[in-house]
Amino acid sequence: MIVTVGKNGTIPLPDNEEIKLNIGDILLCKFNEDKRSIELEKYSDQTLNDEQIKAHGSLCRVEELNSED
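Quick caveat: nothing in here was measured; it's all calculated off a predicted structure.

A. Structural context of the overall build of the chain. Along the chain, the regular secondary structure elements total 1 helix and 4 strands. Going from the N terminus to the C terminus, the chain shows its helices and strands as β-β-β-α-β. For the chain, buried positions account for 19% of its 69 residues. Residue pairs in contact within the chain that sit at least 24 positions apart in sequence constitute 41% of those at least 6 positions apart. Here the chain has roughly 5600 Å² of accessible surface; of this, 46% comes from carbon and sulfur atoms.

Here is the structure:
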């Protein structure tokens, strides 16, 4: 899946039924060669804690935005 980065660095979840992303999922983020888009895919190990995600460097967790943001 290729996504567009929005306001404040957010990436909206697609409404596509085929893409099964949920709050809390861990995603692998890969920049395309032109650095203008990011490819996201579910990471194979969904059991990592926040420290392990940070240490990897290319992972992120899907989080719900605060409605005030």
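B. The arrangement of the pattern of salt bridges in detail. One pass over the structure, following the stated rule, counts 3 salt bridges. Across the pair Lys 42 and Asp 25 runs a salt bridge whose closest N-O atoms are separated by 3.3 Å. On the criterion of sequence distance, the pair formed by Lys 42 in strand E3 (residues 38-42) and Asp 25 in the loop between strand E1 (2-3) and strand E2 (26-31) is long-range, its members being 17 residues apart. Look at Lys 42 and you get partly exposed, because its relative accessible area is 41%. The shortest N-O distance in the salt bridge between Glu 41 and Lys 30 comes to 3.3 Å. Here the residue Glu 41 occupies a position in strand E3, and Lys 30 occupies one in strand E2, the gap between them amounting to 11 residues.

C. Expanded view of the confidence of the model for the chain. On average, the chain scores 81 in pLDDT, and the residues at 70 or more come to 78%. Within the chain, no element has a lower average pLDDT than E1, which sits at 66, and none a higher one than helix H1 (residues 50-56), at 96.

D. View of the pairing of E2. Relative to strand E4 (residues 59-61), E2 runs antiparallel, the two being bridged by 3 bridges. Residue pairing in the sheet places Leu 27 in a bridge with Cys 60 of E4. In this sheet, E3 lies alongside E2 in antiparallel orientation, the contact comprising 5 bridges. Paired with Cys 29 across the strands is Leu 40, a residue of E3.

E. How the structure looks around the side chain of Asp 25. On the basis of relative accessible area, Asp 25 is assigned to the buried category, the value being 10%. There is a polar contact of 2.7 Å between the side chain of Asp 25 and the backbone nitrogen of Asn 22.

About the cut-offs
Residues numbered from 1 in each chain as written. Predicted model: local features only at pLDDT ≥ 70, side-chain atom pairs only at ≥ 80, totals over all residues. Heavy atoms only, no water. Helix = DSSP H or I, 4+ residues; strand = E, 2+ residues; numbered from the N terminus. Buried < 20%, exposed > 50% of the residue type's maximum accessible area, 1.4 Å probe, protein only. Contact = heavy atoms within 4.5 Å. Areas by Shrake-Rupley, 256 points an atom, 1.4 Å probe, with all protein chains shown as cover. Salt bridge = Lys/Arg side-chain N within 4 Å of Asp/Glu carboxyl O. pLDDT = per-residue confidence, 0-100. Pairing = 2+ DSSP bridges. Polar contact = N/O pair within 3.5 Å; in protein donor to acceptor, adjacent residues only side chain to side chain.

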